[in-house]
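Structure assessment
One-letter residues, chain by chain:
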Amino acid sequence: VKFTNKLCAFDMNKESLLGSDFRPFLSLEPLDEPKFVSANGIEKVKVTSGAYSIQAHDLDTQHYACRFFLDFPEGATRNDVTLPA
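This text gives an overview of the structure that appears in the document. Keep in mind that this is a model prediction, so the values were computed, not measured. (Residues numbered from 1 in each chain as written. Predicted model: local features only at pLDDT ≥ 70, side-chain atom pairs only at ≥ 80, totals over all residues. Heavy atoms only, no water.)

Things to note about the pairing of strand S3 (residues 35-38)
As a reminder of what qualifies: Two strands make a pair as long as DSSP finds a minimum of two bridges between them. Runs of E in the DSSP output that reach at least two residues are strands. Runs of H or I that reach at least four are helices, and both are numbered from the N terminus.
Sheet topology note: the S3/strand S4 (residues 41-44) ladder contains four bridges and is antiparallel. Bridge pairing links serine 38 to glycine 41 in S4. The hairpin turn running from S3 into S4, its antiparallel successor, is two residues long.

Quick word on unusual backbone geometry
Keep this limit in mind: Under the scheme applied here, a residue whose accessible area is under 20% of the maximum for its type counts as buried, over 50% as exposed, and between as partly exposed, the area being computed with a 1.4 Å probe on protein chains only.
If you check the backbone angles, glutamine 62 has positive phi at about 55° while not being a glycine. Relative to the assigned elements, glutamine 62 resides in the loop between strand S5 (48-58) and strand S6 (63-71). The class of glutamine 62 is exposed, set by a relative accessible area of 61%. The backbone phi angle of asparagine 79 is positive, close to 55°, even though this residue is not glycine. Here asparagine 79 is to be found in the loop between strand S7 (76-78) and strand S8 (81-83).

Some remarks on the nonpolar core
The nonpolar side chains of a soluble globular protein tend to be buried, and buried together. As a reminder of what qualifies: As used here, the term nonpolar core means buried Ala, Val, Leu, Ile, Met, Phe, Trp, Tyr and Cys residues forming a set that is joined through side-chain atoms within 4.5 Å. Note on contacts: a residue pair is in contact if any heavy atoms of the two residues lie within 4.5 Å.
Counting residues in each nonpolar core, the largest one holds six residues, listed as Cys8, Met12, Leu18, Phe25, Ala51 and Phe69. Aside from chain neighbours lying at most four places away, what touches phenylalanine 69 is Met12, Glu15, Leu18, Leu28, Gly50 and Ala51.

Considerations on the sheet that holds strand S1 (residues 2-7)
Operational definition: Between N-to-C directions, angles span 0 to 180 degrees; the directions come from axes that are lines fitted to C-alpha atoms, helices contributing only their stretch in contact.
Strand order in this open sheet of four strands is S1-S2-S5-S6, and the pairing throughout is antiparallel. Each edge of the sheet is formed by a strand with only one pairing partner; in this case those strands are S1 and S6. Adjacent strand axes in the sheet meet at a mean angle of 35°, parallel and antiparallel pairs treated alike. Alignment of S1 against strand S2 (residues 26-29), held across three bridges, turns out to be antiparallel.

Comments concerning the packing of aromatic side chains
Threshold: We call Phe, Tyr and Trp rings a pair once their centres come within 6.5 Å, taking the six-membered ring for Trp, and we label the pair stacked below 30 degrees between planes, edge-to-face above 60, and tilted otherwise.
Here the structure, examined in full by the defined rule, presents two aromatic pairs. Measuring from centroid to centroid gives 5.9 Å for phenylalanine 3 and phenylalanine 68, while their planes differ by 80°, and the two rings are edge-to-face. Of the two residues, phenylalanine 3 is situated in strand S1 and phenylalanine 68 in strand S6; the sequence distance between them amounts to 65 residues. Judged by its relative accessible area of 39%, phenylalanine 3 is partly exposed. Put simply, the rings of Phe3, Tyr52 and Phe68 touch in pairs and so form one group of aromatic residues.

Take it as geometry only, folks, not as evidence of what the structure does.
In structure tokens form, the structure reads like this:
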């Protein structure tokens, strides 16, 4: 993934898990199409841009939180793990 300096799309600023006090969020872009090998052979997973935020928790101790997400519009399943669409 690539953490950019570009503002993300307006609708991504509604993502509450990134922390509502740190809007606007910045764009996170996939660099490649993920894939994995299953019993069906090589399976590709569609992934689209997401967003990220970096929040300072304590400036004295230099503790930060980096929160981000990518979208998987078709979902993905491998073994017993499922990423919903």
